[in-house]
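This is what each chain is made of:
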Amino acid sequence: MSPISITIALLLLYTLVQSLPAPKTFLWSPNSLVAARARVFSNDPTLLPAVQKLQTQAKALLSQGPWSVMQKSYIPPSGDKHDYMSLDKYYWPCTQHPNETSATPVPCNTTTGLPFVRYDGYVDPLEKLYDHDRLIDTISSVTTLSLAWYFTEIDSFADHAALILNTWFLDPSTKMNPNLNFGHFIPGVMNGSHGAIIDSHMFPEMLDAVALLSLSNSWSSAQDLNLKSWFRSFLTWLRESELGKQEDAANNNHGVWYDVQAGFIALHVDKIDIATKIALNALPRRVDTQILPDGELPEEEARTKSWSYNEFCLDAFFHLSILVNQFFVEKNLWNSRVHTALDWQLPYVQQKKPWPFKQVVPFIDGCVITEVDQCIGSYFNILRIAANVYLNVTYENTIKTLPGVDYTQDVINLVFPKTMN
């Protein structure tokens, strides 16, 4: 093929990949995604490392999943394995002492290990026997695969994302019922807890990813409508069930993440009135009641993994700020105590000051980033959003100092592209 023919072919390819409409995303800016995609297909060297890593991760996922609530060994109290079930991860058999200073509680059945006892910050490995990890794998895999398809147009990525979604949410033989009634159950204590709603706190990212997937040939309009129907039912459960109401009343990171979930799900299923109400009440209900004037988060500081939970809660507030900005550009949360909370935590993130509260697991080095047990590298997305919002180069430069972070390869560069030079 001659150089002229190659050039024409590349131009035709570039035109083709530009033909996709803007995605209907809410957490991720549609315009930013479109611009990032155009840069990727024009071989922008600043974004190619992130796409290459994303593609590698997606290829590895092709041999994993799909997952289903039917794969668990246990049957929920309802008798229906389609109901989600997870163990409250900080509860252990009363015969086990994850904290060596602990004593066996009384009473304790040494045969059954009942009742389970709470050891805050210490994760019971029995958690893996239930649905929690499979839910997280479903959410994260759909997100990665859909993003990988959007930025590469490799159809196998979209095909596998669709299979995973269909298995967990839509197929009558394998789907999850739209509730978390038996999440965070505590053997010998209770069948379920409102705290389980934190298990699905990454649904907003996944739904944005599905919006990308819907632009492919792998995800049909009928599947999209059925998935929206599932999430409408889940949103009704969030708002009307007793467990949902209890989580809504939580005065720590759980309450903020509840608003994030309910608000973004409402946007995706066209319940704008619900999302608007959440956004309108975010400042008085969440920000001003949980963040002190100096930026501290006292409810998170009281935890045994206080730094992990400070980061986790601040991440929730940044998500909530993006939600609020959908409706109130002038009366947003960016100039509220959310900004103060970031600046209060910043010297610790920069390792200029030692963390002054309890942290029973490593945070700076030697830990694995999960949905709650974050490392300091988890601040990447918070700092990138902050750099873009506040036009402050300090936040962007701090990202480069985070241990364990690859500044150029992280997917954050694609969903929250840098706007500062």
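These numbers come from a predicted model, not from an experiment.

### A short note on the overall build of the chain
Then comes step 1: The number of helices and strands found in the chain is 16 helices and 4 strands.
Then comes step 2: Its C-alpha atoms give the chain a radius of gyration of 22 Å, near enough to 22 Å, the size a compact globule of 421 residues would have.
Then comes step 3: In the chain, buried positions account for 54% of the 421 residues.
Then comes step 4: The long-range fraction of contacts in the chain, counting pairs at least 24 apart against all pairs at least 6 apart in sequence, stands at 74%.
Then comes step 5: Counting only carbon and sulfur atoms, one obtains 55% of the accessible surface of the chain, whose full area is about 18000 Å².

### Considering the environment of Pro-49
Then comes step 1: Its location among the elements puts Pro-49 in helix H3 (residues 48-61).
Then comes step 2: Taking the C-alpha atoms as reference points, Pro-49 and Leu-383, 334 residues apart in sequence, are found 20 Å from one another.
Then comes step 3: Non-local contacts of Pro-49, meaning those with residues more than four positions away in its chain, are made with Thr-408 and Gln-409.

### Here we look at the environment of Asp-343
Then comes step 1: Note that Asp-343 resides in helix H13 (residues 337-349).
Then comes step 2: Judged by relative accessible area, Asp-343 falls into the partly exposed class, the value being 36%.
Then comes step 3: The sequence separation of Asp-343 and Gln-64 amounts to 279 residues, and the corresponding C-alpha distance is 40 Å.

### Overview of the pattern of salt bridges
Then comes step 1: All told, the structure shown has 14 salt bridges when counted by the stated rule.
Then comes step 2: With a closest N to O distance of 3.2 Å, Lys-24 and Asp-270 form a salt bridge. Highlighted residues: Lys-24 in the loop between helix H1 (3-17) and helix H2 (30-41) and Asp-270 in the loop between helix H9 (253-268) and helix H10 (272-290), separated in sequence by 246 residues.
Then comes step 3: Between Asp-288 and Arg-337 there is a salt bridge; the shortest N-O distance is 4.0 Å. Here the residue Asp-288 occupies a position in helix H10, and Arg-337 occupies one in helix H13, the gap between them amounting to 49 residues.
Then comes step 4: Overlapping salt bridges, with partners in common, bring together Asp-248, Asp-259, Arg-285 and Arg-286 in one network.

### Quick look at H13
Then comes step 1: Here H13 is 13 residues long and its end C-alpha atoms lie 18 Å apart, about the 18 Å a rise of 1.5 Å per residue gives.
Then comes step 2: Looking at H13, one finds that the buried residues are Val-338, His-339, Ala-341, Leu-342, Trp-344, Gln-345, Leu-346, Tyr-348 and Val-349.
Then comes step 3: As for H13, its buried residues are in contact with H10, helix H11 (298-301), helix H12 (306-325), helix H14 (380-390) and helix H15 (393-399).
Then comes step 4: Gln-351 sits one or two positions beyond H13 and adopts a positive phi of about 60 degrees.

### Quick notes on the state of the cysteines
Then comes step 1: Here the structure, examined in full by the defined rule, presents 1 disulfide.
Then comes step 2: Covalently, Cys-94 is tied to Cys-108 through a disulfide, its sulfur atoms 2.1 Å apart. Between Cys-94 and Cys-108, the S-S torsion sits near 80 degrees, and that sign places the bridge as right-handed. In this pair, Cys-94 sits in the loop between strand E2 (91-92) and strand E3 (117-118) while Cys-108 sits in the loop between E2 and E3, placing the two residues 14 residues apart along the sequence.

### Regarding the packing of aromatic side chains
Then comes step 1: For the coordinates displayed, the defined rule picks out 25 aromatic pairs.
Then comes step 2: Measuring from centroid to centroid gives 5.1 Å for Trp-344 and Tyr-348, while their planes differ by 45 degrees, and the two rings are tilted. Of this pair, Trp-344 and Tyr-348 both sit in helix H13, separated by 4 residues, roughly a single helical turn.
Then comes step 3: Judged by relative accessible area, Tyr-348 falls into the buried class, the value being 6%.

### Some thoughts on the nonpolar core
Note on soluble globular proteins: their nonpolar side chains tend to be buried together.
Then comes step 1: Counting residues in each nonpolar core, the largest one holds 113 residues, and the members touching the most others are Phe-151, Phe-169, Phe-203, Phe-231 and Tyr-379.
Then comes step 2: Residue contributions to this core peak at 12 residues, all from H12.
Then comes step 3: Among residues more than four places away in sequence, those in contact with Tyr-379 are Trp-307, Glu-311, Leu-314, Gln-345, Val-349, Phe-363 and Leu-402.

Criteria and thresholds
- Residues numbered from 1 in each chain as written.
- Predicted model: local features only at pLDDT ≥ 70, side-chain atom pairs only at ≥ 80, totals over all residues.
- Heavy atoms only, no water.
- Helix = DSSP H or I, 4+ residues; strand = E, 2+ residues; numbered from the N terminus.
- Rg over C-alpha atoms; globule rule 2.2 N^0.38 Å.
- Buried < 20%, exposed > 50% of the residue type's maximum accessible area, 1.4 Å probe, protein only.
- Contact = heavy atoms within 4.5 Å.
- Areas by Shrake-Rupley, 256 points an atom, 1.4 Å probe, with all protein chains shown as cover.
- Salt bridge = Lys/Arg side-chain N within 4 Å of Asp/Glu carboxyl O.
- Expected span 1.5 Å × (residues − 1).
- Disulfide = S-S within 2.5 Å.
- Phe/Tyr/Trp six-rings, centres within 6.5 Å; stacked < 30°, edge-to-face > 60°.
- Core = buried A, V, L, I, M, F, W, Y, C linked by side-chain atoms within 4.5 Å.

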